Amino acid sequence: MANKLRFDGKVVVITGAGAGLGKAYALLFASRGAKVVINDLGGGRHGDGSNTKVADTVVSEIKQSGGEAVANYDNVLEGEKIVQTAINTYGRIDILVNNAGILRDKTFARMSESDWDVIHNVHVKGSMKTTQAAWPYFRKQKYGKIIFTSSNSGLYGNFGQANYSSAKMALIGLANTLAIEGQSSGIYTNVIVPTAGSRLTEDIVPPDFFNELKPELIAPIVLWLCHEDCSENGSIIESALGWAGKCHLIRSNGCILRSNKNELINPEAVQDNWGKIIDMTNAKHYESIVDVSGELMNVIESFSNKK
Ligand code: NAD
């Protein structure tokens, strides 16, 4: 087994760290020597109310075990205040885990604009605001680890979660671009897609399964992604039950629907070739937009070969 992974001297900010997954991450980071900012607004499952005790309880637990932690009670929409707590208390920030989240499940037919906005605000804007506040510190010190929290509801869709699943996919787009923009400054961004027993899932999964889905089984994956020895950047890691795997988009080979570049295509050509367009045999993953654009050049090339 590798040497024990330590975080001595590192300052970690975890949003929504008062319960569930965030709490499990916080306890493990602190037990490995990190100084942890426990952000939690202490609100209800749907984003209502607030309670400082939620963050305070985790801070006490860490301190009682000999670790270092400080509470912050701000909404992630005021991410700059959360990051400021790290700077004021510990003078730096090295790791940011964007984890805070709520649900407002409704079928799309019954979803109000406010159900949409509240979810997008907490998950997407809150993660953006907190990350943007940390970004200048990461750039200056040429080091930073960022985690965004997505969901299988986003990756695969889920009945009654149009607001939540779209917000969770937005975070993947955000992570994709920050992984590119941050790389030259030593800022690595990855996405965790957890499945865990928490108040968000207690009435969704059967009790026996719920008890097996321990948040503590996901925390080690997040810790590794945030460790200085880990060079992973721009990845989506799904995890539950002590299992973890990487997830990425693949695209079919597709087919060219015209024989030369002076020809236009019509809907019937699409209909006739639909089987080839969606045939996933030999489907490929593309590492970057440059690779995808490069393949488009091959389409033009194929026409000049046919002249
Ligand atoms: P949880 O409800 O147990 O914990 C979330 C914490 O975030 C709560 O303590 C809450 O007070 C806090 N919070 C909510 N809104 C906040 C805000 N605006 N500002 C600051 N704090 C806020 O939920 P959890 O299951 O541990 O979820 C953690 C993250 O994981 C969420 O982003 C959730 O969407 C995501 N997730 C969870 C699961 C799962 O199976 N539990 C699956 C996929 C994704």
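In the block above lies the structure referred to throughout.
A quick note: this is a predicted structure, and the numbers were derived from the prediction, not measured.

**Focus on the site of the ligand**
Residues in close proximity to the ligand total 30 residues, the closest being Asp40, Asn99, Tyr164, Ala196 and Ser198. One of the backbone nitrogen or oxygen atoms of Leu41 is found 3.4 Å away from a nitrogen atom of the ligand. Taking 830 Å² as the accessible area of the ligand by itself, protein coverage stands at 97%. The set of elements that each furnish at least two residues to the shell around the ligand consists of helix H1 (20-31), helix H4 (113-141) and helix H6 (162-183). Looking at the shell around the ligand residue by residue, the class counts come to 11 nonpolar, 15 polar and 4 charged.

**What about H4?**
The terminal C-alpha atoms of H4 lie 40 Å apart, and with 29 residues this matches the ideal 42 Å at 1.5 Å per residue to within 8%. Approximately 40 degrees is the largest bend angle found in H4, and it occurs at Asn121. Remark: Lys142 follows H4 within two positions and exhibits a positive phi of approximately 55 degrees.

**Side note on the nonpolar core**
Grouped together as the largest cluster of nonpolar side chains are 36 residues, with contacts concentrated most on Val13, Ile93, Phe138, Phe148 and Val191. For this core, the secondary structure elements donating two or more residues are strand E1 (11-14), helix H3 (79-90), H4, strand E5 (144-149), H6 and strand E6 (187-194). For this core, the leading source of residues is H4, giving 7 residues. Leaving out residues up to four positions away in the same chain, Phe138 has contacts with Ile93, Asp94, Ile95, Leu96, Tyr143, Gly144, Lys145, Ile146, Ser185 and Ile187. By size, the runner-up hydrophobic cluster in this structure holds 32 residues, among which are Val36, Val58, Ile62 and Ile218.

**So, the packing of aromatic side chains**
Summed over all chains, the structure comprises 1 aromatic pair. One cation-aromatic arrangement involves Lys10 over Tyr143; the distance from NZ or CZ to the ring centre is 5.1 Å.

**Describing the side chain of Thr85**
Mapped onto the fold, Thr85 is located in helix H3. Given the relative accessible area of 14%, Thr85 is considered buried. Among the polar contacts made by the side chain of Thr85, one reaches the side chain of Asn72 at a distance of 2.9 Å. With sequence-adjacent residues up to four places away left out, Thr85 is seen in contact with Val37, Val70, Ala71, Asn72 and Tyr90.

**A closer look at empty space enclosed by the protein**
Across all of its chains, the model carries 1 cavity of 30 Å³ or more by this definition. Taken as a whole, the largest cavity encloses approximately 30 Å³ of empty space. Around the largest cavity, the lining residues are Thr15, Val76, Asn98, Asn99, Ala100, Val122, Gly126, Ser127 and Thr130. Its residues assigned to classes, the lining of the largest cavity comprises 3 nonpolar, 6 polar and no charged.

**Examining the layout of surface pockets**
Roughly 980 Å³ of volume is contained in the largest pocket. Forming the walls of the largest pocket are 46 residues, and the residues nearest its centre are Gly101, Ile102, Tyr164, Ser198 and Leu200. The element best represented in the lining of the largest pocket is H4, accounting for 4 residues. Among the residues forming the lining of the largest pocket, the class breakdown is 18 nonpolar, 23 polar and 5 charged. The volume enclosed by the second largest pocket comes to roughly 800 Å³. Along its surface, the second largest pocket is lined by 23 residues, and Asn176, Gly234, His285, Tyr286 and Glu287 are the ones closest to its centre. Those elements that place two or more of their residues in the lining of the second largest pocket are helix H5 (152-156), H6, strand E8 (243-247) and helix H10 (289-306).

**Side note on the sheet that holds strand E3 (residues 68-72)**
Pairing is mixed across the open sheet formed by 8 strands, whose spatial order is E3-E2-E1-E4-E5-E6-E7-E8. Unpaired on one side and paired on the other, E3 and E8 mark the two borders of the sheet. This sheet shows a mean twist of 20 degrees between the axes of neighbouring strands, independent of strand direction. In this structure, E6 lies alongside strand E7 (residues 236-240), joined through 4 bridges in parallel fashion. Along E7, the bridge assignment pairs Val193 with Glu238. The strands that H3 touches are E1, strand E2 (35-39) and E3; relative to E3, the one it contacts most, it runs at about 145 degrees.

Parameters and conventions
Residues numbered from 1 in each chain as written. Predicted model: local features only at pLDDT ≥ 70, side-chain atom pairs only at ≥ 80, totals over all residues. Heavy atoms only, no water. Near = heavy atom within 4 Å. Polar contact = N/O pair within 3.5 Å; in protein donor to acceptor, adjacent residues only side chain to side chain. Areas by Shrake-Rupley, 256 points an atom, 1.4 Å probe, with all protein chains shown as cover. Helix = DSSP H or I, 4+ residues; strand = E, 2+ residues; numbered from the N terminus. Nonpolar A, V, L, I, M, F, W, Y, C, P; charged D, E, K, R; others polar. Expected span 1.5 Å × (residues − 1). Bend = angle between axes of the 7 residues up to and from the residue. Core = buried A, V, L, I, M, F, W, Y, C linked by side-chain atoms within 4.5 Å. Buried < 20%, exposed > 50% of the residue type's maximum accessible area, 1.4 Å probe, protein only. Contact = heavy atoms within 4.5 Å. Phe/Tyr/Trp six-rings, centres within 6.5 Å; stacked < 30°, edge-to-face > 60°. Lys NZ or Arg CZ within 6 Å of the ring centre and 35° of its normal. 1 Å grid on protein atoms, 1.4 Å probe; cavity = no way out; pocket = protein on both sides within 12 Å on 5 of 7 lines; lining within 4 Å. Points joined across faces, edges and corners; volume = space filled by probe spheres on them. Pairing = 2+ DSSP bridges. Axes fitted to C-alpha atoms, helices over the stretch in contact; angles between N-to-C directions.

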